[in-house]
Amino acid sequence: MSGKEGSGGFRKRKHDNYPHGQRREEKENVNPPSALMKSFKSFQLELDTRHDKYERLVKLSRDITIESKRTIFLLHRFTSAPNGEEILSESEVKLDAVRQKIKQVAQELIGEDMYQFHRAISPGLQEYVEAVSFQYFIKTRSLISVEEINKQLIFTAEDREETTNMTSNCHDKQPCRWSLKVTPVDYLLGVADLTGELMRLCISSVGNGDIDTPFELSQFLRQIYDGFTFIGNTGPYEVSKKLYTLKQSLAKVENACYTLKVRGSEIPKHMLADVFSTKTELIDQEEGLP
């Protein structure tokens, strides 16, 4: 065994005698920043900036989802409230607050490709579509179009201070304008979720003695279901996945209409909601739903 070898039989490297920190400093001095290193530094900065923006959009999407759900819960009180106009007015105030959140999303996406951040904002947009379409149905008994939704998501700002460092296209005494478009997929997924809220509206309407609403909802849900069946398996995976839930909501509403038509005169009005709730639970058990 030579003298350069240790007790373990391994040759000792000559740079092992230097501290680790000293070797790193010498390495940095030997390799000054090159053009390649500068390029990678710029890539790192770009990726960090994009990641931070993605996280901000995720937080905004969560806020949009929470406020939209609160609006939906409020609108469910429309059938039992003595003054429904107050409920609609309060829901409009809440939806305006949601649009202010969407406005912040639009500001974050200035100069960016929206589809690169679509997964971050899609859940919030779907919940917003569900809330605004639910309110629109209560008002007009019809389905809001994606064009009408996008018209509400066009924002302007007269004050330039609101958009400082957000865009270079704004000039003094000139309004800024930006918008955020709901994609067709987000619109379809939001409408599919709307059917569940309409099913709950049907049950609560019967409990309040409203016999006509379930039949209106049954026809409306049947039209939506027919529209989704035309898409079938050709659309996105999420849409076909929602189709099963939509079918269950339609079945529950049709079951309620059947009970009203056949046994409506036998069951007191104050007991109809309990009967429907029991049958809904039986349907869920038969279908294996939680």
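The rules behind these values
- Residues numbered from 1 in each chain as written.
- Predicted model: local features only at pLDDT ≥ 70, side-chain atom pairs only at ≥ 80, totals over all residues.
- Heavy atoms only, no water.
- Helix = DSSP H or I, 4+ residues; strand = E, 2+ residues; numbered from the N terminus.
- Buried < 20%, exposed > 50% of the residue type's maximum accessible area, 1.4 Å probe, protein only.
- Contact = heavy atoms within 4.5 Å.
- Areas by Shrake-Rupley, 256 points an atom, 1.4 Å probe, with all protein chains shown as cover.
- Salt bridge = Lys/Arg side-chain N within 4 Å of Asp/Glu carboxyl O.
- Phe/Tyr/Trp six-rings, centres within 6.5 Å; stacked < 30°, edge-to-face > 60°.
- Patch = residues over 30% accessible without salt bridge, like charges linked within 9 Å, V, L, I, M, F, W, Y side chains within 5 Å.
- Pairing = 2+ DSSP bridges.
- Expected span 1.5 Å × (residues − 1).
- Axes fitted to C-alpha atoms, helices over the stretch in contact; angles between N-to-C directions.
- Parallel < 35°, antiparallel > 145°, perpendicular 65-115°, else oblique.
- Left-handed = near helix turned anticlockwise from the far one by under 90°.
- Nonpolar A, V, L, I, M, F, W, Y, C, P; charged D, E, K, R; others polar.

1. Brief notes about the overall build of the protein chain
Each helix and strand counted, the protein chain has 9 helices and 2 strands in total. When its helices and strands are written in sequence order, the protein chain yields α-α-α-α-α-β-β-α-α-α-α. Classification of the 290 residues of the protein chain by burial places 37% in the buried group. In the protein chain, 73% of the contacts between residues at least 6 apart in sequence involve partners at least 24 apart. Of the roughly 18,200 Å² of accessible surface on the protein chain, a fraction of 51% belongs to carbon and sulfur atoms.

2. Focus on the pattern of salt bridges
Evaluation of the coordinates by the stated rule reveals 13 salt bridges. Two residues, Glu67 and Arg70, come together in a salt bridge whose shortest N-O distance is 3.0 Å. Pair noted here: Glu67 and Arg70 are both in helix H2 (residues 35-75), with a separation of 3 residues, about one helical turn. Overall, the relative accessible area of 46% leaves Arg70 in the partly exposed class. One salt bridge connects Glu127 with Lys69, and the closest N-O pair in it is separated by 3.5 Å.

3. A short note on the packing of aromatic side chains
Aromatic ring pairs are reported here in terms of the distance separating the ring centres and the angle at which the planes meet. Summed over all chains, the structure comprises 3 aromatic pairs. Judged by centre distance (5.8 Å) and plane angle (75°), the rings of Phe40 and Phe43 are edge-to-face. Of this pair, Phe40 and Phe43 both sit in helix H2, 3 residues apart, which is roughly one turn of the helix. Between Tyr54 and Phe117 the ring centres are 6.5 Å apart and the planes differ by 35°, which places this aromatic pair in the tilted class. Within this pair, whereas Tyr54 is found in helix H2, its partner Phe117 is found in the loop between helix H3 (84-108) and helix H4 (118-140), the two being separated by 63 residues in sequence.

4. Notes on unusual backbone geometry
Most peptide bonds take the trans configuration, and most residues that are not glycine carry a negative phi. Phi at Arg141 takes a positive value of approximately 55°, unusual for a residue other than glycine. By the element assignment, Arg141 lies in the loop between H4 and helix H5 (146-151). Arg141 sits in the partly exposed class, given a relative accessible area of 35%.

5. Section: a nonpolar patch on the surface
Together, Leu36, Phe40 and Phe43 line one region of the surface with nonpolar side chains, adding up to about 340 Å² of accessible area. Among the secondary structure elements, Leu36 is positioned in helix H2.

6. Topic: the pairing of strand S2 (residues 176-179)
Only one face of S2 is buried, namely the one carrying Cys176 and Trp178, since none of Arg177 and Ser179 on the opposite face is buried. Judged from the 4 bridges that link them, strand S1 (residues 154-157) and S2 form a sheet pairing that is antiparallel. Bridged to Ile154 within S2 is Ser179.

7. Details of H2
Taking 1.5 Å of rise per residue, 41 residues should cover 60 Å, and H2 covers 60 Å from first to last C-alpha, within 8% of that figure. Listed as buried for H2 are Lys53, Leu57, Val58, Leu60, Ser61, Ile64, Thr65, Ser68, Thr71, Ile72, Leu74 and Leu75. On its buried face, H2 sits against H3, H4 and helix H6 (184-207).

8. As for the side chain of Ser68
Looking at the element boundaries, Ser68 is found in helix H2. The class of Ser68 is buried, set by a relative accessible area of 0%. In this view, Ser68 contacts Val98, Glu127, Tyr128 and Ala131; residues no more than four positions away in its chain are not counted.

9. Thoughts on the packing of H4 against H6
What describes two packed helices is the angle between their axes and the distance between those same axes. The interhelical angle for the contact between H4 and H6, taken along N-to-C directions, is 45°, at an axis separation of 8 Å. Comparing the axis directions of H4 and H6 gives the class oblique. Note on packing geometry: the crossing formed by H4 with H6 is right-handed. Contact residues: H4 offers His118, Ser122, Leu125, Gln126, Val129, Glu130, Ser133, Phe134 and Phe137, while H6 offers Asp186, Tyr187, Leu189, Gly190, Val191, Asp193, Leu194, Glu197, Leu198 and Leu201. A per-class count over the contact of H4 with H6 returns 10 nonpolar, 5 polar and 4 charged.

10. Overview of the side chain of Ser218
By the secondary structure assignment, Ser218 is in helix H7 (residues 212-231). Contacts of Ser218, omitting those with residues within four sequence positions, involve Leu250, Val253, Glu254 and Cys257.

11. With respect to the environment of Leu194
With respect to the secondary-structure elements, Leu194 resides in helix H6. The spacing of Leu194 and Phe134 is 60 residues in sequence and 6.5 Å in space, taken between C-alpha atoms. Contact partners of Leu194, with chain neighbours within four places excluded, come to Glu130, Ser133, Phe134 and Leu143.

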